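For reference, the chains in residue letters:
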Amino acid sequence: MAESVTRRSVLTSLLGAAAGLAAQRRRPPNIVFVLADDLGWTDLGCFGSRFYQTPNIDKLAQQGMRFTNAYVACPVCSPTRASILTGKYPARLHLTDWIPGRTPPGVAMRVPDWTPYLPLGEVTMPEALKSAGYVSASIGKWHLGEEEHFPENQGFAVNFGGCQLGATPSYFYPYKIPNIRVGKPGEYLTDRLTEEALSFIEGSRSRPFFLYLAHYAVHTPIESKPEMAARYRPRVRPGQSHSHPEYAAMIESVDESVGRLMRKLAELRIASDTVVIFTSDNGGVVGRRHITSNEPLREEKATLYEGGIRVPLIVHWPGVVKPGSVSDTPVTSVDFFPTIVEIAGATAPATDAVDGLSLVPLLRQRGGLPRHAIYWHYPHYNFHQPLIPTPPCGAIRKGDFKLIEFYEDGFVELYNLREDIGERRNLARTLPDRAAELRRDLDAWRKAVGAQMPIPAPENYDPAKTEQWMRDRFQRQSERGGER
């Protein structure tokens, strides 16, 4: 009798342990989303740079999947960030420029009355993840509206350093970021944000968590830890595409951040239960000081050429993603929302329109994406570039072909990206039928999402006034040490 009771007790304990393990396995994975600011497509070792040192991110790519045709939804920061958090194109949100935007005098078109914040009525990623029991933190740059639109009002339980600013006034404490009030003199912002992220992971490991770590780096001001930049100066050679020591050191600090995150996950024994995503919010800034180079891609941030919208993307999902795998399928930042919702087993409101597609089939290597095309709409003027200001424009990529339409005069450019990644040969006249097809598709998409269009304003057109404004602006930039 006693032996029978003992056997039943052992069996009960084993069944209980098995049930506990099963429940543990059923727990959705943690998700860490690391977003760099202004990091170019070739600004990592695993994406081709021989100057920038990124061993931790390179290791992440070796252990995960690297996407070679990853795009952002906009060539500037705020709209891309909104697209990540909602799964919607900026044109649908009417959030189409960096906040608050800047329109110079004398231009030929009047920009639309767009929305300079992420509306509280939009369902954000952390709000959707709550249905699966997630706790969420936003650490770092927010740039999606004033205080009433800060992360804590958009589904995040924790907000550290997220405010209305698009750039930190300084990378060294005191940063002059309004909601970072405590720190140590000389403390470096990228390191501090990482510390806060590690604290959140430590305190949240008992339940599924979503960490949105949005670094201010490598956005201007170009400020790095001096000892780190000093190691790059002897490595500068004439003719290098990447050669800026301070910028290189900023990238290395972001890389160190990723390394610290991965070590913390391993230390807490939750690395195998955590999905890590690394990407950038738009292409790299070249500027007057040649901060970086996006070669072989054309142009830079704030343009709809590849240098402004193609970015690095790495997804690390232990046990699912094949280590060292590469996907050439075009994907875009509106895809993160449905991807993460599916990974988490969460439920997004069925009534809410989502433009993105889940990348899970690509990550599992079980098929492609049922996508017609990828679209961009930028109805604004942007003067990040000293020589070629960006006029209002839109673009579409369908298969290997990409068309850019400029709204001032309707001029179009057509490129075959498989044969001409640098967008040097405009095929619009050579392939007029293909150009007309893509232009019709782009126009139909704009109508479908309710895109706001700029309006011709010939009465305001004054190139001399615009030129003077640009000269004055670049003079101010030079005086304060760089592009902003």
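Residues numbered from 1 in each chain as written. Predicted model: local features only at pLDDT ≥ 70, side-chain atom pairs only at ≥ 80, totals over all residues. Heavy atoms only, no water.

Engineer: Sorry, what's going on with the side chain of Lys88 here?
Structural biologist: Within the element layout of this structure, Lys88 appears in the loop between α3 (77-86) and α4 (90-93). Residue contacts for Lys88: discarding those within four places in its chain leaves Ser83, Leu93, Glu122, Val334, Asp352, Ala353 and Asp355. (Helix = DSSP H or I, 4+ residues; strand = E, 2+ residues; numbered from the N terminus. Contact = heavy atoms within 4.5 Å.)

Engineer: Mind showing me how you'd approach the confidence of the model for the chain here?
Structural biologist: On average, residues of the chain score 92 in pLDDT, and 92% of them are at 70 or above. Counted against residues more than four places away or in other chains, residues 1-24, with its pLDDT under 50, gives zero contacts. (pLDDT = per-residue confidence, 0-100.)

Engineer: Looking at this structure, I do not really get the packing of aromatic side chains. What am I missing?
Structural biologist: Geometrically, a pair of aromatic rings is defined through the distance of the ring centres and the angle of the planes. If you walk through the whole model with that rule in mind, you get 16 aromatic pairs. For the ring pair Phe172 and Tyr188, a centre distance of 5.2 Å and an interplane angle of 55° mean the geometry is tilted. Of this pair, Phe172 sits in the loop between β6 (158-160) and α6 (189-204) while Tyr188 sits in the loop between β6 and α6, and the two are 16 residues apart along the sequence. One aromatic cluster is present, formed by Phe33, Trp142, Phe156, Phe210, Tyr212 and Phe336 through successive ring pairs. The ring of Phe47 has Arg66 lying over it, and the distance from NZ or CZ to the ring centre is 5.2 Å. The positively charged end of Arg310 is found above the aromatic ring belonging to Trp41, 5.1 Å away from the centroid. (Phe/Tyr/Trp six-rings, centres within 6.5 Å; stacked < 30°, edge-to-face > 60°. Lys NZ or Arg CZ within 6 Å of the ring centre and 35° of its normal.)

Engineer: Would you mind showing me how to read the sheet that holds strand β9 (residues 313-316) here?
Structural biologist: In sheet architecture, strand pairing relies on hydrogen bonds along the backbone and comes in two forms, parallel and antiparallel. An order of β6-β5-β7-β1-β8-β9-β2-β10 is seen for the eight strands of this open sheet, with the pairing classed as mixed. Each edge of the sheet is formed by a strand with only one pairing partner; in this case those strands are β6 and β10 (325-327). Looking at each pair of strands side by side, their axes are set apart by 10° on average, direction ignored. Bridge count between strand β5 (residues 135-140) and β6: three bridges; the pairing is parallel. In the sheet register, Ser138 faces β6, and the bridge partner there is Asn159. Here α6 sits on the sheet and contacts β5, β6 and β7 (209-214); the angle it forms with β7, its principal contact strand, is near 180°. (Pairing = 2+ DSSP bridges. Axes fitted to C-alpha atoms, helices over the stretch in contact; angles between N-to-C directions.)

Engineer: Any chance you could explain the packing of helix α2 (residues 55-63) against helix α8 (residues 245-267) here in plain terms?
Structural biologist: Packed helices, taken two at a time, are described by their axes: the angle between them and the distance between them. Two numbers describe how α2 lies on α8: the axes approach to 7 Å, and their chain directions differ by 55°. Relative to α8, the element α2 lies oblique. Contacts from Pro55, Asn56, Ile57 and Leu60 in α2 reach Asp255, Glu256, Val258, Gly259, Met262 and Arg263 in α8. (Parallel < 35°, antiparallel > 145°, perpendicular 65-115°, else oblique.)

Engineer: What am I meant to see in the nonpolar core here?
Structural biologist: Among the nonpolar cores identified, the biggest contains 101 residues, and Phe33, Phe67, Phe209, Phe210, Leu211, Leu261 and Phe278 are the most heavily contacted of them. Apart from the residues lying within four places of it in its own chain, the contact partners of Leu211 are Ile31, Val32, Phe33, Ala137, Ile139, Ala197, Phe200, Ile201 and Leu261. Membership of the second largest hydrophobic core comes to 33 residues, among which are Ala73, Val334, Trp376 and Phe401. (Core = buried A, V, L, I, M, F, W, Y, C linked by side-chain atoms within 4.5 Å. Buried < 20%, exposed > 50% of the residue type's maximum accessible area, 1.4 Å probe, protein only.)

Engineer: Could you clarify how one ought to interpret the pairing of β9 in this entry?
Structural biologist: Both faces of the sheet carry side chains from a regular strand, because those side chains alternate between them. Residues Leu313 and Val315 point to one face of β9 and Ile314 and His316 to the other, with burial holding for every one of them. Two elements, strand β2 (residues 65-67) and β9, share three bridges in a ladder whose sense is antiparallel. Residue pairing in the sheet places Phe67 in a bridge with Leu313 of β9.

Engineer: Which parts of the structure should I look at to understand unusual backbone geometry?
Structural biologist: Residues apart from glycine generally show negative phi values, whereas peptide bonds are mostly found in trans. Following Ile99, the chain continues into Pro100 via a peptide bond in cis, with omega recorded as 10°. Along the chain, Pro100 falls in the loop between α4 and β4 (109-110). Cis geometry marks the peptide bond from Thr220 to Pro221; its omega dihedral reads 5°. Following the sequence through the fold, Pro221 ends up in the loop between β7 and α7 (226-232).

Engineer: For this particular structure, what's the right way to read a negative patch on the surface?
Structural biologist: A contiguous patch of negative charge, built from Glu146, Glu147, Glu148 and Glu152, is present on the exposed surface. Looking at the secondary structure, you find Glu148 in the loop between β5 and β6. (Patch = residues over 30% accessible without salt bridge, like charges linked within 9 Å, V, L, I, M, F, W, Y side chains within 5 Å. Areas by Shrake-Rupley, 256 points an atom, 1.4 Å probe, with all protein chains shown as cover. Salt bridge = Lys/Arg side-chain N within 4 Å of Asp/Glu carboxyl O. Lys, Arg positive; Asp, Glu negative; His and termini not counted. Charge placed at Lys NZ, Arg CZ, Asp CG, Glu CD.)

Engineer: Which parts of the structure should I look at to understand empty space enclosed by the protein?
Structural biologist: By rolling a water-sized probe across the atoms, one finds the places where empty space is left. Overall, the coordinates contain two cavities of 30 Å³ or more when judged by the stated rule. Taken as a whole, the largest cavity spans an internal volume of roughly 60 Å³. Lining the largest cavity we find 13 residues, and of these Tyr71, Thr279, Val311, Ser333 and Phe336 sit closest to its centre. Going through the elements one at a time, β3 (70-71), α3, β8 (274-280) and β11 (331-332) are the ones with two or more residues in the lining of the largest cavity. Considering only residue class, the lining of the largest cavity consists of eight nonpolar, five polar and no charged. Here the second largest cavity defines a volume of roughly 30 Å³. Forming the boundary of the second largest cavity are Ile277, Val315, Phe336, Thr339, Ile343, Leu359 and Leu363. Considering every element that reaches the lining of the second largest cavity, the biggest residue donor is helix α10 (residues 336-344), with three residues. (1 Å grid on protein atoms, 1.4 Å probe; cavity = no way out; pocket = protein on both sides within 12 Å on 5 of 7 lines; lining within 4 Å. Points joined across faces, edges and corners; volume = space filled by probe spheres on them. Nonpolar A, V, L, I, M, F, W, Y, C, P; charged D, E, K, R; others polar.)

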